[in-house]
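Residue-level structural notes
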Amino acid sequence: MTENSQIQPSYNTLRSIADRKAQLLKEIRKDSDQITKLRRQLFEKPTALTSKRKGARMQGLMTTGAGLFDAVVLVWKLYRKFKK
């Protein structure tokens with residue numbers, strides 16, 4: 001068995017090398033465009049979804065309030081435990 005098990009294409013002319021290079025560059029650009037589109041979809045804020053929901057603002061306020069309340073209770077419990 002050889003270390004390099006992939007079959008290497010043989011090129012006979014400079015033109016065939018240039019054609020292969022152009023083909024690979026085209027594939028790389030196509031893949032790069034696809035990756036860019038997927039990255040944008042991943043990090044895009046879903047503004048259209050939240051604006052359609054009527055109670056989205058109220059839900060956000062309730063979630064924030066509950067988080068703050070939870071933090072205050074945790075701080076109070078830690079304070080009482082370690083104030084000795």
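Residues numbered from 1 in each chain as written. Predicted model: local features only at pLDDT ≥ 70, side-chain atom pairs only at ≥ 80, totals over all residues. Heavy atoms only, no water.

Moving on, we get to the overall build of the chain. The helix and strand inventory of the chain stands at three helices and zero strands. In the chain, the succession of helices and strands from N to C terminus is α-α-α. Within the chain, the proportion of its 84 residues that are buried is 0%. Carbon and sulfur atoms make up 60% of the accessible area of the chain, which totals about 9100 Å². (Helix = DSSP H or I, 4+ residues; strand = E, 2+ residues; numbered from the N terminus. Buried < 20%, exposed > 50% of the residue type's maximum accessible area, 1.4 Å probe, protein only. Areas by Shrake-Rupley, 256 points an atom, 1.4 Å probe, with all protein chains shown as cover.)

The next subject is a nonpolar patch on the surface. A cluster of nonpolar residues, Tyr 11, Leu 14 and Ile 17, forms a patch on the protein surface that exposes about 330 Å² of accessible area. Along the chain, Ile 17 falls in helix α1 (residues 14-43). (Patch = residues over 30% accessible without salt bridge, like charges linked within 9 Å, V, L, I, M, F, W, Y side chains within 5 Å. Salt bridge = Lys/Arg side-chain N within 4 Å of Asp/Glu carboxyl O.)

Take the confidence of the model for the chain next. On average, residues of the chain score 85 in pLDDT, and 83% of them reach the 70 mark or higher. Mean pLDDT across the elements of the chain ranges from a minimum in helix α2 (residues 47-52), with 56, to a maximum in α1, with 94. (pLDDT = per-residue confidence, 0-100.)

Moving on, we come to helix α3 (residues 56-82). An ideal rise of 1.5 Å per residue puts 39 Å on 27 residues; α3 measures up with 39 Å between its terminal C-alpha atoms. Of all 27 residues in α3, zero are buried, a share of ten percent or less. (Expected span 1.5 Å × (residues − 1).)

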